[in-house]
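Next come the chains, spelled out residue by residue.
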Amino acid sequence: MDTQHFSEVNKKRCDECYHKIEDWSPTDWACALAGEVGELCNFLKKMRRGKNVDIKKIRHEIGDVFTYLDLLSQRLGVDMFECAIEKFNIVSDKFETNIKYEDVPEYKITSLKKYRGKII
Ligand SMILES: [Mg+2]
């Protein structure tokens, strides 16, 4: 998967079909993301209770979560994949393991702190 291409297509569809990403605050995007996480959890809850849930529904909700997390990340001006890698490696350091994702040049790593104060 070309993650940058996914983000570009995701933004284009949002702009054309809904609204500009910037028209929603980070809080708006976070609430939308939480809604999708809730939908996913609801299906998982039903599975836990013994109901037969089509895995396709779970797959679609995971896709929704991923899509909204990307939109939230774009609204914040960060790359969600870079965030994941950065934090992954921080946690690896915490557990003193060499299992790290090392495939990202340091200059590409961004931080929410960098954008804090100018987006909300
Ligand atoms: Mg959904």
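This structure is a prediction, so every number in the text was calculated from the model and none was measured.

This brings us to helix H1 (residues 3-17). Taking 1.5 Å as the rise per residue, H1 with 15 residues should run 21 Å; its terminal C-alpha atoms sit 21 Å apart, in good agreement. Sparse coverage of H1 is indicated by the burial of zero of its 15 residues.

Considering the arrangement of structural elements, one finds Thr27 in helix H2 (residues 26-48). Its 11 C-beta neighbours within 10 Å are what place Thr27 among the exposed residues.

We now examine the nonpolar core. If you look at soluble globular proteins, the nonpolar side chains tend to sit buried side by side. One finds Trp29, Leu33, Tyr68, Leu71, Leu72 and Leu76 forming the largest nonpolar core, which totals six residues. If one sorts the elements of this core by residue count, helix H3 (residues 55-76) sits on top with four residues. Apart from the residues lying within four places of it in its own chain, the contact partners of Leu33 are Val65, Tyr68, Leu69 and Leu72.

Calculation rules
- Numbering of residues begins from 1 in every chain and follows the order in which that chain's sequence is written.
- Only residues with pLDDT of at least 70 are given local features in this predicted model, and only at 80 or more are side-chain atom pairs given and counted; all residues enter the totals for whole chains, interfaces and linings.
- Runs of H or I in DSSP of at least four residues are treated as helices and runs of E of at least two as strands, each being numbered from the N terminus.
- Take the residue count of a helix, subtract one, and multiply by 1.5 Å to get its expected span.
- Each residue is classed by its C-beta neighbour count within 10 Å, where at least 20 other C-beta atoms makes it buried, 12 or fewer makes it exposed, and intermediate counts make it partly exposed; the C-beta atoms are placed from backbone geometry.
- Note on terminology: a nonpolar core is a set of buried residues of type Ala, Val, Leu, Ile, Met, Phe, Trp, Tyr or Cys, with members joined through C-beta atoms within 7 Å.
- Contact definition: two residues whose C-beta atoms, as placed from backbone geometry, lie within 7 Å.

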